[in-house]
Amino acid sequence: MVVKLKTIVSGALAALCAAALWGCGGGRWWGDESMPQAAEEAATERPRSSDCRMPAPMDSLRPRLERRMREIFNDSNYLQLAHARHMGIRPIARPADVFASDRPVVRVRDTGTYRLDTLRHSVPFLVPEAARLLDDLARAFNDTLSRRGLPPLRLKVTSLLRTQSSVKKLRRVNRNATEFSTHQYATTFDVSYLRFYDRRGTEVYDPRYRLALAEAVYDLRAADRCMVKYEVKSPCFHITVIR
């Protein structure tokens, strides 16, 4: 009877934690408002491994961007993983565990410049630097559209933080999925380059939108703010923040 009671209490506490987890967010930080600065300072103080190398310069590649995206955006998972481990949270087993993550995380919600896809294998959280990178990318994308006389669009975000359990499930249905996913560190997000949302919330595609997004990604990559992989099977830019 005592064991059963303990199980019930433990389950109730877990439910309360989960409710608190999913109820908070909206671009706010866990706990004290001073946490973002403290978190960034802590990340800066962490010793970088020798694998945390900065990306190779890209200034000369822009003229070839339209036809050679796969070649240009080809940062290895090995190097992305080194940066993710340096800047991100420790991998968590299940969604509710993010409540006790060793770094603050931001709950990512739909905005006027991006919209979350149905997240079957991830949960909507990122570390502060990655959340800021996503915001900057979405704004830069729309700035590019505006300069070309194209209508404003929202990016389609297809993946965010993955738990250890969701990585295992994904690997069962996708043989290309890696056990050492940078998504586990809340430093990485995927954005589709084939589908976007217009003002009515309708999915749209145009080759000009893909190129505009690629240029925005390129500029952030050239500024050494991220590493990028152009994925083909799951058509998206896989982006990991590095500073």
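Our subject is the structure that appears above.
Residues numbered from 1 in each chain as written. Predicted model: local features only at pLDDT ≥ 70, side-chain atom pairs only at ≥ 80, totals over all residues. Heavy atoms only, no water.

1. Describing the pattern of salt bridges
So, point 1. Tallying each qualifying case throughout the model produces 13 salt bridges.
So, point 2. Among the ionic pairs, Arg162 bridges to Asp190, the shortest N-O distance being 3.8 Å. A residue pair is termed long-range when its members are at least 10 positions apart, and Arg162 in the loop between strand 4 (154-159) and helix 6 (164-173) and Asp190 in strand 5 (residues 188-197) qualify at 28 residues. Each member of the pair, Arg162 as well as Asp190, is classed as buried.
So, point 3. Residues joined in a network through salt bridges with shared partners are Asp136, Arg139 and Arg225. (Salt bridge = Lys/Arg side-chain N within 4 Å of Asp/Glu carboxyl O. Helix = DSSP H or I, 4+ residues; strand = E, 2+ residues; numbered from the N terminus. Buried < 20%, exposed > 50% of the residue type's maximum accessible area, 1.4 Å probe, protein only.)

2. Focus on the pairing of strand 4
So, point 1. Buried residues dominate strand 4, accounting for five of its six residues.
So, point 2. With three bridges joining them, strand 2 (residues 114-116) and strand 4 adopt parallel strand pairing. The residue of strand 4 that forms the bridge with Arg115 is Lys156.
So, point 3. Pairing of strand 4 with strand 5 involves four bridges; the strand directions are antiparallel. The residue of strand 5 that forms the bridge with Val157 is Val191. (Pairing = 2+ DSSP bridges.)

3. Details of helix 7 (residues 207-222)
So, point 1. The end-to-end C-alpha separation of helix 7 is 22 Å, in line with the 22 Å expected for 16 residues at 1.5 Å each.
So, point 2. Along helix 7, twelve of the 16 residues are buried, which leaves the element largely enclosed by surrounding structure.
So, point 3. The N-cap residue of helix 7 is Asp206: its side-chain oxygen and the backbone nitrogen of Arg208 are 2.8 Å apart.
So, point 4. Following helix 7 by one or two positions, Asp224 adopts a phi angle in the positive range, close to 60°. (Expected span 1.5 Å × (residues − 1). Polar contact = N/O pair within 3.5 Å; in protein donor to acceptor, adjacent residues only side chain to side chain.)

4. Quick notes on the side chain of Thr188
So, point 1. Relative to the elements of secondary structure, Thr188 occurs in strand 5.
So, point 2. Within the structure, Thr188 has its side chain in polar contact with the side chain of Thr182 (distance 3.0 Å).
So, point 3. At 3.3 Å, the side chain of Thr188 and the side chain of Thr187 are in polar contact.
So, point 4. Filtering out sequence-adjacent residues up to four positions away, Thr188 remains in contact with Leu126, Ser159, Leu160, Thr182, His183, His238, Ile239 and Thr240. (Contact = heavy atoms within 4.5 Å.)

Any functional reading would require information beyond the geometric quantities listed.
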